[in-house]
Amino acid sequence: MKILVTGGAGYVGSNLVPKLLASGHKVRVLDNLMYNGYSLLPYFGDENFEFVKGDVLDADVVRKCTHDADIIIHLAAIVGYPACKKDPNLAKDVNVFGTRLVDKHRSKSQPVFYASTGSNYGALVGDICTEETPLNPLTIYGTTKTEAEQMLLDSGSVVCYRFATAFGLSPRMRLDLLINDFVYQAVKKRNLILYEKTYKRTFVHVRDMVRCFLFTIENYDKMENQVYNVGSNQLNYSKEEVALLIKEKIDFYLHFADIGKDEDQRNYEVSYEKISKLGFETSITVDQGIDELIRAYELIDIKNPFSNI
Ligand SMILES: NC(=O)c1ccc[n+]([C@@H]2O[C@H](COP(=O)([O-])OP(=O)(O)OC[C@H]3O[C@@H](n4cnc5c(N)ncnc54)[C@H](O)[C@@H]3O)[C@@H](O)[C@H]2O)c1
């Protein structure tokens, strides 16, 4: 199949593209390389790989990229609330209007797999979120992703994934993700100050996100026009539990603070029953992810080189 991956040079995309190529697909990436393009360098020699340096806000480029795609995996976005807060107008443009352009320049025979987010649930207290739970996003990231998700669902021929918070290694590394960040502080600074320690969060390894896209290619008929929480009931943790798990493996100073708060106030458990019933299960635990991160951080001086936040 011919697959267009927007934002394919990013944290998720640079794990996804090699797997799509290895599965025999032709892959076109559309990315404006906000964070540099090193992550995809190994694939420029592959005849099934094409890279288009361009913007999802450029209608001509989007039309050229979508015209012959069998599937569009739409990842391009300003991701996470710190990046969105830094440039709210850009976040609205890319996350909402960029998605609208992609939708406008495809036909209904070209399904879109949309990387939405659990941030759409926003502030919820004491609830276990299912796909039916009303959305209450609190940040620009959450509101723009929610708007784009609804727009695509209204349009049809789509699968939307409300991914948990990702963790794990990627050629375009993200240190703003909770587990990646906690392990980084523990390994590099031997110090972690933790606030809102009882807050519950839910996680998914970046390679399991990739597996979920591949799973959808095989199961699209069953998944069309549906929203799925993607993660695992086994990967719901409090922030304190994550920090203590890291502390079992590495010695660092862990300090619990009363001040400080996450702007999106995520504090919830998520149910993954819907996608589990279809046969998709995650394969990598938080414990394994922490081990992987420790091994890499101890050897490599990762300073979020491609991040502009
Ligand atoms: N990583 C996570 O925890 C997580 C969780 C849930 C959902 N998601 C979603 O998955 C998708 C990918 O996230 P990621 O972690 O890989 O983020 P990322 O920031 O690493 O990747 C985003 C990519 O989009 C590109 N991009 C940004 N603006 C663009 C534009 N105007 N035109 C073309 N390309 C543009 C960037 O250059 C980058 O390569 C996003 O839609 C995000 O909302 C990620």
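Heads up: the structure comes first, above all this text.
Our subject in this report is the structure included herewith. Within each chain, residues carry numbers counting from 1 in the order of the written sequence. This being a predicted model, a pLDDT of at least 70 is required before a residue's local features are given, and a value of 80 or more before pairs of side-chain atoms are given or counted; all residues contribute to the totals for chains, interfaces and linings. Where side-chain values are given, they derive from all heavy atoms of the structure, hydrogens and water being excluded.

## Points about the sheet that holds strand E12 (residues 236–238)
(1) Moving on: Note on pairing: DSSP must find at least two bridges between two strands before they are called paired. Numbering of helices and strands runs from the N terminus, with a helix taken as a DSSP run of H or I at least four residues long and a strand as a DSSP run of E at least two residues long. Across the sheet, which stays open at both edges, the three strands sit in the order E8-E10-E12 with mixed pairing between neighbours. Both edges of this open sheet fall to strand E8 (165–167) and E12, since each of them pairs with a single strand only. Averaged over all adjacent pairs, the angle separating strand axes in this sheet is 50°, with direction ignored.
(2) Moving on: Relative to E12, strand E10 (residues 200–205) is paired through three bridges, and the arrangement is antiparallel. Pairing of lysine 200 across the sheet is with serine 238, part of E12.
(3) Moving on: We call two residues in contact when some of their heavy atoms are within 4.5 Å. Between the N-to-C directions of two axes lies an angle of 0 to 180 degrees, each axis being a line fitted to C-alpha atoms and, for a helix, fitted only over the stretch in contact. Running at roughly 65° to E10, helix H7 (residues 206–223) makes contact with E8 and E10 of the sheet.

## Side note on helix H2 (residues 59–66)
Along an α-helix, residues three or four positions apart point the same way, because every turn accommodates 3.6 residues.
(1) Moving on: For each residue, the accessible area found with a 1.4 Å probe, counting protein chains only, is set against the maximum for its type, and the residue is called buried under 20%, exposed over 50%, and partly exposed in between. Those residues of H2 lying buried are Val61, Val62, Cys65 and Thr66. The buried residues of H2 occupy an angular sector of 120° when the element is viewed end-on, so they sit on one face.
(2) Moving on: Next to the buried residues of H2 lie strand E1 (2–6), strand E2 (26–31), strand E3 (49–53), strand E4 (71–74) and helix H4 (88–104).
(3) Moving on: In protein, a polar contact requires one atom able to donate a hydrogen and another able to accept it; more generally it is a pair of N or O atoms within 3.5 Å, and residues adjacent in sequence count only if both atoms are side-chain atoms. For H2, the capping residue at the N-terminal end is aspartate 58, with a side-chain oxygen 3.1 Å from the backbone nitrogen of aspartate 60. Note that the arc is computed from the directions linking the helix axis to the C-beta atoms.

## As for the environment of arginine 63
(1) Moving on: Mapped onto the elements of the fold, arginine 63 is located in helix H2.
(2) Moving on: With relative accessibility at 42%, the residue arginine 63 sits in the partly exposed group.
(3) Moving on: C-alpha of arginine 63 to C-alpha of lysine 104: the two residues are 41 residues apart in sequence and 8.8 Å apart in space.

## Overview of the packing of aromatic side chains
(1) Moving on: Between the rings of Phe, Tyr and Trp (Trp by its six-membered ring), a pair exists once the centres lie within 6.5 Å; its type follows the angle of the planes, with under 30 degrees stacked, over 60 edge-to-face, and the other angles tilted. This structure, assessed with the given rule, holds 10 aromatic pairs.
(2) Moving on: Ring geometry for tyrosine 43 versus phenylalanine 49: centroids 6.3 Å apart, planes at 65°, classification edge-to-face. Pair check on accessibility: tyrosine 43 and phenylalanine 49 agree, each one buried.
(3) Moving on: An angle of 70° between the planes, with centres 5.3 Å apart, marks the rings of phenylalanine 44 and phenylalanine 49 as edge-to-face.
(4) Moving on: The partly exposed category is assigned to phenylalanine 44, whose relative accessible area is 48%.

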